[in-house]
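Commentary on secondary and tertiary structure
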Amino acid sequence: WLHPLGWDVQVSTHLPEALEGATYVVHQIRYGGLEGRADGETVSARFDVPADETLGPAALQSAIRSMPALRETAECIVECCPDAWTLNLTNPLSIMTAVMIEAGVRHCVGLCELPETTAAAVAGLLGVEPARLQWDYAGLNHRGFLYHIEVDGRPALPRLLDVLAKRSLLGAPVRDVELLQAVPLKYFALVRAPSRTAPRAHAVRELRDTVLQELTARPDVFPPSLRKRNCDWYEKAVVPVLSALASDDEQTHVVNLATSGGLVTEARARISRRRMDRLTPLPPPPAVQEWIEVFTAHERAFLDAARSPSTVNIREVLRRDPLVPADRVDALTAALQECRVT
């Protein structure tokens, strides 16, 4: 598919060989495979909490399980292509990005398409082109908010609230948007009403097996079943950021960047081949700031547990996780410790 475009495609299953001299690295390894994801979903289901690989107990289990192999990958990047830009897509996104940076990967950012797809949805509801929409942003690991929303420099939230009175926006009802004075990403619905979510590992595994069968039968044809897998993160995040990093002209995108203390947060940034600079947004509305403080406290505890998965640290993550009811913290701590040992 790429040869007609002038690309020379080489494939290797040996990580150092694949990384040697790379300019860009797209990191999206699912450590532990779909079997590991299924384990996290199983533990979450036992306690009737959301089972998602980037949030909640399943994300914590995934991060702890992944640490040794993730650090090996980071060390290989440092050795083979120390100046490369590494674009991380592996979940839990902010934690994995933070650990890679701690391990010495100098140019590492996390990518998520949700801020851009949410902005596009807002523009669609308002009946304007996305380019006419201006907005500030604050968030951590799939828990973000678009605020100070304007169209052509004029406040757009009152009009958006009128439209939302008859519908929701990616799971955000009008009451939440009005209370926050902002539009949350879709995962905020889980935070507002934590509940068991449908497992995904088995369905993704079945789809993977079907796609591999189609490729084996017709390696020269795009596998039809792959269209069933939503891969918006390529179009909405990976390709735009790669394009910006290869350009002299600055572009603005939302990326996960390191902050003081080792935390990684989401922010809009100006990006070009010369630099990547975090933009300073206007202060978020009070209700958004309150949630950011909750998420930040949880994120700090999560990072501590990823570094050192002791019983105390695991319990602190769960205690600060808005997805976990207080009466399930101790039992979940024991369950995650058991998974870590086995």
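Residues numbered from 1 in each chain as written. Predicted model: local features only at pLDDT ≥ 70, side-chain atom pairs only at ≥ 80, totals over all residues. Heavy atoms only, no water.

1. Description of the overall build of the protein chain
Just so we agree on the cut-off: Under the DSSP-based scheme used, a helix requires at least four consecutive residues in state H or I and a strand at least two consecutive residues in state E, with every element numbered from the N terminus. Both definitions apply: the radius of gyration is a C-alpha atom measure, and the globule rule equals 2.2 Å times residues to the power 0.38. Each residue is placed in one exposure class: buried if its accessible area under a 1.4 Å probe, protein chains only, is under 20% of its type's maximum, exposed if it is over 50%, and partly exposed if it falls in between. It only takes one pair of heavy atoms within 4.5 Å for two residues to be counted as in contact. His is not counted, nor are the chain ends; Lys and Arg add positive charge and Asp and Glu add negative charge. A charge is said to be at NZ when it belongs to Lys, at CZ for Arg, at CG for Asp and at CD for Glu.
Counting secondary structure elements, the protein chain contains 13 helices and ten strands. Taken against the 2.2 N^0.38 rule, which gives 20 Å for 342 residues, the C-alpha radius of gyration of the protein chain at 20 Å falls within 12% of a compact globule. Projected onto its principal axes, the C-alpha coordinates of the protein chain cover approximately 55 × 55 × 40 Å. In the protein chain, which comprises 342 residues, the proportion classed as buried is 47%. Once local pairs closer than 6 in sequence are excluded, the contacts in the protein chain between residues at least 24 apart make up 63%. The positive charge centre, built from 37 side chains, and the negative charge centre, built from 43, are 4 Å apart in the protein chain.

2. Comments concerning the confidence of the model for the protein chain
Under the convention used in this document: Looking at any residue, its pLDDT shows the predictor's confidence there, from 0 to 100.
Mean pLDDT over the protein chain: 93, with 99% of residues reaching 70 or higher. The secondary structure element of the protein chain with the lowest average pLDDT is helix α13 (residues 329-341), at 85, and the one with the highest is strand β2 (residues 85-88), at 98.

3. Digging into the environment of Ile-292
The topology assignment puts Ile-292 in helix α11 (residues 286-307). Sequence-distant contacts of Ile-292, defined by excluding residues within four places in its chain, comprise Ala-138, Gly-139, Leu-140 and Phe-145.

4. Thoughts on unusual backbone geometry
Cis peptide bonds are those with omega within 30 degrees of zero, and the linkage from Asn-91 to Pro-92 qualifies with -5 degrees. Here Pro-92 shows up in the loop between β2 and α4 (93-102). For Asp-48, which is not a glycine, the phi torsion comes out positive at approximately 55 degrees. Tracing the backbone through its elements, the reader meets Asp-48 in the loop between α2 (33-46) and α3 (56-80). Backbone geometry places His-148, a non-glycine residue, at a positive phi of 50 degrees. Structurally, His-148 is set in strand β5 (residues 143-151). Classification of His-148 by relative accessible area gives partly exposed; the value is 39%.

5. As for the pattern of salt bridges
The condition is simple: Put simply, a salt bridge is a Lys or Arg side-chain nitrogen that is within 4 Å of an Asp or Glu carboxyl oxygen.
Within this structure, the stated rule accounts for 20 salt bridges. Across the pair Arg-205 and Glu-35 runs a salt bridge whose closest N-O atoms are separated by 3.7 Å. Residue Arg-205 is found in helix α9 (residues 201-217), and its partner Glu-35 is found in helix α2; the two are separated by 170 residues along the sequence. Owing to a relative accessible area of 42%, Glu-35 belongs among the partly exposed residues under this scheme. Residue Arg-320 pairs with Glu-316 through a salt bridge whose shortest N-O separation is 2.7 Å. Of this pair, Arg-320 and Glu-316 both sit in helix α12 (residues 311-320), four residues apart, which is roughly one turn of that helix. Judged by its relative accessible area of 25%, Glu-316 falls in the partly exposed class. Members of the salt-bridge network, linked through shared partners, are Arg-30, Arg-37, Glu-41 and Glu-53.

6. Digging into the packing of aromatic side chains
The description of two aromatic rings rests on the distance between their centres and on the angle between their planes. The condition that has to hold: Here a Phe, Tyr or Trp ring, Trp counted by its six-membered ring, pairs with any other such ring whose centre lies within 6.5 Å, and the pair is stacked when the planes are under 30 degrees apart, edge-to-face when over 60, and tilted otherwise.
Scanning the model with the defined rule gives six aromatic pairs in all. An angle of 80 degrees between the planes, with centres 6.3 Å apart, marks the rings of Trp-135 and Tyr-137 as edge-to-face. In this structure, Trp-135 and Tyr-137 share a single accessibility class: buried. Judged by centre distance (5.5 Å) and plane angle (70 degrees), the rings of Phe-145 and Phe-188 are edge-to-face.

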